[in-house]
Amino acid sequence: MRHGSIPGAHGRVRPLGLLGDPVLHAPCEEVTDFGPELAALVEDLFATMYAARGVGLAANQTGTGLRVFVYDCPDDEDERHLGHLVNPRLVETGGVVVRGPEGCLSLPGLEAGTERYDEAVVTGLTVTGEPVTVRGTGFFARCLQHECDHLEGRVYSERLSGWRHRRLARQVARASWHR
């Protein structure tokens, strides 16, 4: 039997922002208040991520321009990584650059081969303000880099070039959710 609360169990599912929403394309603000509103935001992010069947979710994807993201993501060895980061900073990337399929809850149903390092280190704080360092490899490293990009106002499609960028742009234009 599991002890403690399941992340997101007390959260509410928020609407997801889609590619083109201004909040997705602006750098997020630092969190300065570590009170109950931040804890509620983290719960809501988990609830929203699970409802959308994602492995990571940044606050700005739900319309809140704060430097916060949550994750429940496996690495390439199928080890589960579960947590959240407040005011995260990508402090190190390394290993080899791997082009792999990448999707985003703000571009539902689409993915493209995107280059990312296969190792990443992110520092930040917990919801209570405690310092934390998260290290990821493989798919989890991709997730960490992807979410850090969101907080800087970038979407993975902006990392694409050439025919990959053109193909994704055509898919976005045809998507039922595109305005």
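Fair warning: this is a prediction, and the values are worked out from it, not measured in the lab.

What counts, and at which threshold
- Residues numbered from 1 in each chain as written.
- Predicted model: local features only at pLDDT ≥ 70, side-chain atom pairs only at ≥ 80, totals over all residues.
- Heavy atoms only, no water.
- Pairing = 2+ DSSP bridges.
- Helix = DSSP H or I, 4+ residues; strand = E, 2+ residues; numbered from the N terminus.
- Axes fitted to C-alpha atoms, helices over the stretch in contact; angles between N-to-C directions.
- Contact = heavy atoms within 4.5 Å.
- Patch = residues over 30% accessible without salt bridge, like charges linked within 9 Å, V, L, I, M, F, W, Y side chains within 5 Å.
- Areas by Shrake-Rupley, 256 points an atom, 1.4 Å probe, with all protein chains shown as cover.
- Salt bridge = Lys/Arg side-chain N within 4 Å of Asp/Glu carboxyl O.
- Lys, Arg positive; Asp, Glu negative; His and termini not counted.
- Charge placed at Lys NZ, Arg CZ, Asp CG, Glu CD.
- UniProt positions renumbered as here; feature names shortened; annotations may be inferred.

1. What about the sheet that holds strand S4 (residues 111–125)?
Spatially, S1-S2-S3-S4-S5 is the arrangement adopted by the five strands of the open sheet, whose pairing is antiparallel. Here the strands that pair on one side only, and so sit at the sheet edges, are strand S1 (56–58) and strand S5 (131–137). Shown here is a sheet whose adjacent strand axes are inclined to one another by a mean of 30°, direction ignored. With seven bridges connecting them, strand S2 (residues 68–74) and strand S3 (residues 80–103) associate as antiparallel partners. Bridge pairing in S3 links Tyr71 to Gly83. With respect to the sheet, helix H1 (residues 36–51) is in contact with S1, S2 and S3, its orientation differing from that of S2 by roughly 40°.

2. Some thoughts on a positive patch on the surface
Residues Arg166, Arg167, Arg170 and Arg174 make up a contiguous surface patch of positive charge. With respect to the helices and strands, the residue Arg174 is situated in helix H3 (residues 162–174).

3. Side note on the UniProt feature "active site" (unreviewed entry) in the chain
When the UniProt feature table is mapped onto this chain, "active site" (unreviewed entry) is found at Glu147. Within the secondary structure layout, Glu147 lies in helix H2 (residues 138–151). Leave out the neighbours within four places in its chain, and Glu147 touches Gly56, Leu57, Ala58, Gln61 and Phe69.

4. Examining the UniProt feature "binding site: Fe cation" (unreviewed entry) in the chain
Mapped onto the present numbering, the UniProt feature "binding site: Fe cation" (unreviewed entry) falls at Cys104, His146 and His150. In three dimensions, the annotated residues from a span of 47 residues occupy one location, with a maximal C-alpha spread of 10.1 Å. Mapped onto the secondary structure, Cys104 falls in the loop between S3 and S4. In this structure, Cys104 is in contact with Gln61, Leu110, His146, His150 and Tyr156, ignoring residues within four places of it in sequence. Not counting residues up to four positions away in its chain, the partners in contact with His150 are Leu24, Cys28, Ala58, Asn60, Gln61, Cys104 and Val155.

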